[in-house]
Structures are given as structure tokens and as C-alpha cells.
Amino acid sequence: MDAILLPGQPLALPPRAPKPQLGPGAYVRDNTVRASLLGLPKIEGTTLTIPRVRPHPPAPNSVILGSVTRLSPLQAFLSISVVDGVPLPAGEEFTGVIRSQDVRATEKDRVKIGDCFRGGDVVRGVVISLGDARSYFITTARNDLGVIFATSEAGATLEPVSWQEMRCPKTGKIEKRKCAKPEGL
């Protein structure tokens, strides 16, 4: 029981084990114990609970997910919606800024923000620091950081081809992005 469960998802209990008492975050439906909250199940004594995962504001070294809201020649602005794997409540997003020097580790002076991100792209990044009073500075200067989801001009989901290109499966057209290395590769 070390995987995060979604609400309604069944809990895998060990066979032939006594049925635990259900605490907050768990319920029974159709003779199956299910999660009612997002979180990791815990057994404390004979009671099975799923503690509520509380969202927290970004801190330095937090891994974030956000969508690109605006672009300028020197920076991309993000609406941060997930911090360290915990979704933020609707309407409580934070603002992040990816400066051109924070896009990649090499050739920082040759980065063009328009060739790395587009509006609506979903980006995985790491918080460098608290920026000005309104935003956090974000970096994508690692192989596993960058665009993880984007749509093409034709409206199809882009597929990564290399670390700086994505292809539209409908049209075959190549679009430039700073791609994150897919997990598991």
C-alpha cells in the first residue's frame, strides 16, 4: 500500500488478513474498501485511514507543473497548478516566470523563448527562488524538465521527437519546443 490512491479507487488489502476498521478517507462499496480522498493509505493499529494531502506554496527545489499563459521575448509566464505532485485548489494558482537564461544549461545566450514554449503548453519545472512580489523563478535546465504536453496548430497532441522538437501526428509538421525527457526512458 505505497501508491497514491484517487477517490473511488479500490484499496488492495492483503488476503486472509483481518478486515481493518475504516477511518477518515476510506469507505466500503460492493464489499470493496475504497478511497474517498487523494492520498497514501496508512494502517495505524487496526484502523485504515487515508490522510488528506495538503497543498503548500512552492519553495526552492519544488517540482511544479504549470501552463504557459503569456510569452515575451525574454521570458515565459506560467500559471502553476501542481506543486510537488499535489494539485492546488482551483483559483489558488501561483505565477511563475521562466527567464531565457533558465531554459537550458548550455548556450544560454542563444535561447529564443518563442522556440521553446507556446501559450497553453504544460511545463514541468523546478523553482529556483522567489522572484519579485508576484512570481516564482522557474528553471527547465535539466533533461527531465520542459514541455510535457502541447497541442499543435491543427489541434492534435504533439509527440516529442527530440529534446527541442515535437511532431504533429495529424500533419507531420515539426514544431520547436524545449521538451522534457519522457519518464521511464
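This is a predicted model, so every value here is computed, not measured.

Here we come to the overall build of the chain. Counting its regular elements, the chain contains 1 helix and 15 strands. On C-alpha atoms alone, the chain measures out to a radius of gyration of 20 Å, which is more than a quarter above the 16 Å that the 2.2 N^0.38 rule sets for 185 residues. Oriented by its inertia axes, the alpha-carbon framework of the chain measures out at about 65 × 40 × 30 Å. A burial count over the chain gives 35% of its 185 residues as buried. The long-range share in the chain, meaning contacts at least 24 apart out of those at least 6 apart in sequence, stands at 50%. Here the chain has roughly 11000 Å² of accessible surface; of this, 53% comes from carbon and sulfur atoms. Charge separation in the chain, taken as the distance between the mean sites of 24 positive and 18 negative side-chain charges, equals 2 Å.

The sites that carry the UniProt feature "domain: Exosome complex component CSL4 C-terminal" (unreviewed entry) are, in the present numbering, residues 90–130. Between the C-alpha atoms that bound residues 90–130 there is a distance of 22 Å. The span itself is 10% helix and 37% strand.

Turning our attention to the pattern of salt bridges. Per the stated rule, a full pass over the model turns up 9 salt bridges. Salt-bridge contacts for D121 lead to R177; the nearest nitrogen and oxygen are separated by 2.6 Å. Placement of the pair is D121 in the loop between helix 1 (113–116) and strand 10 (122–130) and R177 in the segment after strand 15 (174–176), with a sequence separation of 56 residues. Overall, D121 belongs to the buried group, its relative accessible area being 1%. With a relative accessible area of 2%, R177 lands in the buried category. For the salt bridge of E153 with K173, the shortest nitrogen-to-oxygen distance reads 3.1 Å. Linking E153 in the loop between strand 12 (146–149) and strand 13 (159–162) with K173 in the loop between strand 14 (165–167) and strand 15, this pair joins segments that are 20 residues apart in sequence. A residue is classified by how much of its surface remains accessible, and E153, at 62% relative accessible area, is exposed. Residues joined by salt bridges that share partners form a network here, namely R118, D121, E175 and R177.

Take the packing of aromatic side chains next. Per the counting criterion, the structure on display carries 1 aromatic pair. Aromatic pair F94 and Y136: ring centres 5.8 Å apart, planes at 85°, arrangement edge-to-face. Of this pair, F94 sits in strand 9 (residues 94–99) while Y136 sits in strand 11 (residues 136–139), and the two are 42 residues apart along the sequence. For the cation-ring pair, R70 lies above F77, with the distance from its terminal atom to the ring centre recorded as 3.9 Å.

This paragraph deals with the sheet that holds strand 5 (residues 47–49). Note on sheets: strands pair through backbone hydrogen bonds, and any given pair is parallel or antiparallel. Read from one edge to the other, the open sheet built from 3 strands follows the order 1-5-4, with strand pairing classed as mixed. Single-partner strands in this sheet number two, and they are strand 1 (21–22) and strand 4 (42–44). With 2 bridges connecting them, strand 1 and strand 5 associate as parallel partners. Bridge pairing in strand 5 links L22 to L48.

On to the environment of Q75, then. Summarising the element assignment, Q75 is placed in strand 7 (residues 75–83). Exposure remark for Q75: the relative accessible area of 25% places this residue in the partly exposed category. Leave out the neighbours within four places in its chain, and Q75 touches R70, V97, I98, R99 and I113.

Parameters and conventions
- Residues numbered from 1 in each chain as written.
- Predicted model: local features only at pLDDT ≥ 70, side-chain atom pairs only at ≥ 80, totals over all residues.
- Heavy atoms only, no water.
- Helix = DSSP H or I, 4+ residues; strand = E, 2+ residues; numbered from the N terminus.
- Rg over C-alpha atoms; globule rule 2.2 N^0.38 Å.
- Buried < 20%, exposed > 50% of the residue type's maximum accessible area, 1.4 Å probe, protein only.
- Contact = heavy atoms within 4.5 Å.
- Areas by Shrake-Rupley, 256 points an atom, 1.4 Å probe, with all protein chains shown as cover.
- Lys, Arg positive; Asp, Glu negative; His and termini not counted.
- Charge placed at Lys NZ, Arg CZ, Asp CG, Glu CD.
- UniProt positions renumbered as here; feature names shortened; annotations may be inferred.
- Salt bridge = Lys/Arg side-chain N within 4 Å of Asp/Glu carboxyl O.
- Phe/Tyr/Trp six-rings, centres within 6.5 Å; stacked < 30°, edge-to-face > 60°.
- Lys NZ or Arg CZ within 6 Å of the ring centre and 35° of its normal.
- Pairing = 2+ DSSP bridges.

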